[in-house]
Amino acid sequence: YLYNASNDRDYGQECIEILLNVMENNQDDLVVAVAGYKDRMDKFFSYIPGMMSRIGNHIDFPNYKSDELVQISSVMARDLEYDIHPDAYPVFQHYIEERMKLPYFSNARTVRNAMDRARMNSAIRTFERFAINGENGGLCTVEDLRSIMSEDFQVLLDDILNA
């Protein structure tokens, strides 16, 4: 993505020419894989005549559907030892559906970033409840610490809806 065909000081063109030469001379013994988002790869290939034809197989992977991304968030939460409250899933799904409409959507990376923010929102919410407001004498449970609630995702959704 950093390759800039219009920049004379960019060594990318020289690297690509060497790569093309190596690919041509070692085509029976070499496998080269390039990967990226379709729009950026199309732009990359447009800069380099001959590269597209030297890459024999092109595979386009479709974006995940929003319900698949919600399932991914559930696995991430489990792996991080968090519990997403059942009421939180519809809010998160709505967030994902709105986020998919925006630029730079990146499937599971977007989910991971959202989960990081939701975990932070959960920590802030828990701190306010117990440390600041003194609920339950300031004592919280492990369940309180591990819970991601709908309001933790609502903050993310509100950021998009109010932008």
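Just so it is clear, the structure is predicted and the values come from calculations on it, not from any experiment.

Novice: Requested: an account of the overall build of the protein, with residues and values cited.
Specialist: Looking only at helices and strands, the protein has eight helices and two strands in total. The N-to-C order of helical and strand elements in the protein reads α-α-α-α-β-α-α-α-β-α. In terms of overall size, the protein is more extended than a compact globule, its C-alpha atoms giving a radius of gyration of 23 Å where 163 residues would be expected to give roughly 15 Å. For the protein, the spread of C-alpha atoms along the principal axes amounts to about 75 × 30 × 25 Å. For the protein, the residues scored as buried account for 29% of the 163 residues in total. Within the protein, contacts between residues at least 6 apart in sequence are counted, and of these 65% link residues at least 24 apart. Total accessible area on the protein is roughly 11300 Å²; 52% of this is exposed by carbon and sulfur atoms.

Novice: I'd love a proper account of helix α6 (residues 108-132), names of residues and values included.
Specialist: Relative to the 36 Å expected for 25 residues at 1.5 Å per residue, α6 spans 34 Å between its end C-alpha atoms, a close match to the ideal helical length. Listed in full, the buried residues belonging to α6 are Thr 110, Val 111, Ala 114, Met 115, Ala 118, Asn 121, Ser 122, Arg 125, Thr 126 and Phe 130. On its buried side, α6 packs onto α4 (66-79), β1 (83-84), α5 (88-99), α7 (142-146), β2 (147-148) and α8 (150-161). Gly 134 sits one or two positions beyond α6 and adopts a positive phi of about 70°.

Novice: Account for the packing of aromatic side chains, with residues named and values stated.
Specialist: All chains considered together, the criterion is met by three aromatic pairs. Note on Phe 92 and Tyr 95: the rings are 6.0 Å apart at their centroids and 25° apart in plane angle, and the pair reads as stacked. Here Phe 92 pairs with Tyr 95, and both are found in helix α5, just three residues apart, close to one helical turn. With relative accessibility at 0%, the residue Phe 92 sits in the buried group. Judged by centre distance (4.5 Å) and plane angle (40°), the ring pair of Phe 92 and Phe 153 falls under tilted. On the criterion of sequence distance, the pair formed by Phe 92 in helix α5 and Phe 153 in helix α8 is long-range, its members being 61 residues apart.

Novice: So what's going on with helix α1 (residues 12-25)? Which residues, and what values?
Specialist: Its 14 residues place the ends of α1 20 Å apart at the C-alpha level, agreeing with the 20 Å of an ideal helix rising 1.5 Å per residue. Every buried residue of α1 is listed here: Gly 12, Ile 16, Leu 20 and Met 23. The buried side chains of α1 occupy one side of the element, clustering within an arc of 75° when seen end-on. Where the residues of α1 are buried, they touch α2 (38-47) and α3 (51-54).

Novice: Before we move on, can you summarise a positive patch on the surface with the specific residues and values?
Specialist: On the surface, Arg 40, Lys 43, Arg 109 and Arg 112 cluster together into a patch of positive charge. Residue assignment for the positive patch shows that the elements contributing at least two residues are α2 and α6. Tracing the backbone through its elements, the reader meets Arg 112 in helix α6. Accessibility expressed as a relative area gives 42% for Arg 112, which makes it partly exposed.

Novice: Could you give me a rundown of the nonpolar core, with the residues and numbers involved?
Specialist: Core analysis: the biggest nonpolar cluster contains 22 residues, and Ile 84, Phe 92, Tyr 95, Val 111, Met 115, Ile 148 and Phe 153 have the highest contact counts within it. For this core, the elements supplying multiple residues, two or more each, are α4, α5, α6 and α8. Once residues within four sequence positions are removed from consideration, Ile 84 is found in contact with Ser 73, Ser 74, Ala 77, Tyr 89, Met 115, Ile 148 and Phe 153. By size, the runner-up hydrophobic cluster in this structure holds eight residues, among which are Leu 20, Met 41, Ile 48 and Ile 55.

Novice: Would you mind going over the layout of surface pockets in detail, with residue names and values included?
Specialist: To find the voids left in a structure, one rolls a probe of water-molecule size over its atoms. Of the voids in this model, the largest pocket is the one considered here, and its volume is about 1100 Å³. For the largest pocket, the lining is made up of 34 residues, of which Val 34, Ala 35, Gly 36, Met 41 and Ile 59 are closest to its centre. Breaking the lining of the largest pocket down by element, the ones donating at least two residues are α1, α2 and α3. Ranked by residue count, the leading element in the lining of the largest pocket is α2, at six residues. Partitioning the lining of the largest pocket into residue classes produces 18 nonpolar, eight polar and eight charged.

Conventions used here
Residues numbered from 1 in each chain as written. Predicted model: local features only at pLDDT ≥ 70, side-chain atom pairs only at ≥ 80, totals over all residues. Heavy atoms only, no water. Helix = DSSP H or I, 4+ residues; strand = E, 2+ residues; numbered from the N terminus. Rg over C-alpha atoms; globule rule 2.2 N^0.38 Å. Buried < 20%, exposed > 50% of the residue type's maximum accessible area, 1.4 Å probe, protein only. Contact = heavy atoms within 4.5 Å. Areas by Shrake-Rupley, 256 points an atom, 1.4 Å probe, with all protein chains shown as cover. Expected span 1.5 Å × (residues − 1). Phe/Tyr/Trp six-rings, centres within 6.5 Å; stacked < 30°, edge-to-face > 60°. Arc of directions from axis to C-beta. Patch = residues over 30% accessible without salt bridge, like charges linked within 9 Å, V, L, I, M, F, W, Y side chains within 5 Å. Salt bridge = Lys/Arg side-chain N within 4 Å of Asp/Glu carboxyl O. Lys, Arg positive; Asp, Glu negative; His and termini not counted. Charge placed at Lys NZ, Arg CZ, Asp CG, Glu CD. Core = buried A, V, L, I, M, F, W, Y, C linked by side-chain atoms within 4.5 Å. 1 Å grid on protein atoms, 1.4 Å probe; cavity = no way out; pocket = protein on both sides within 12 Å on 5 of 7 lines; lining within 4 Å. Points joined across faces, edges and corners; volume = space filled by probe spheres on them. Nonpolar A, V, L, I, M, F, W, Y, C, P; charged D, E, K, R; others polar.

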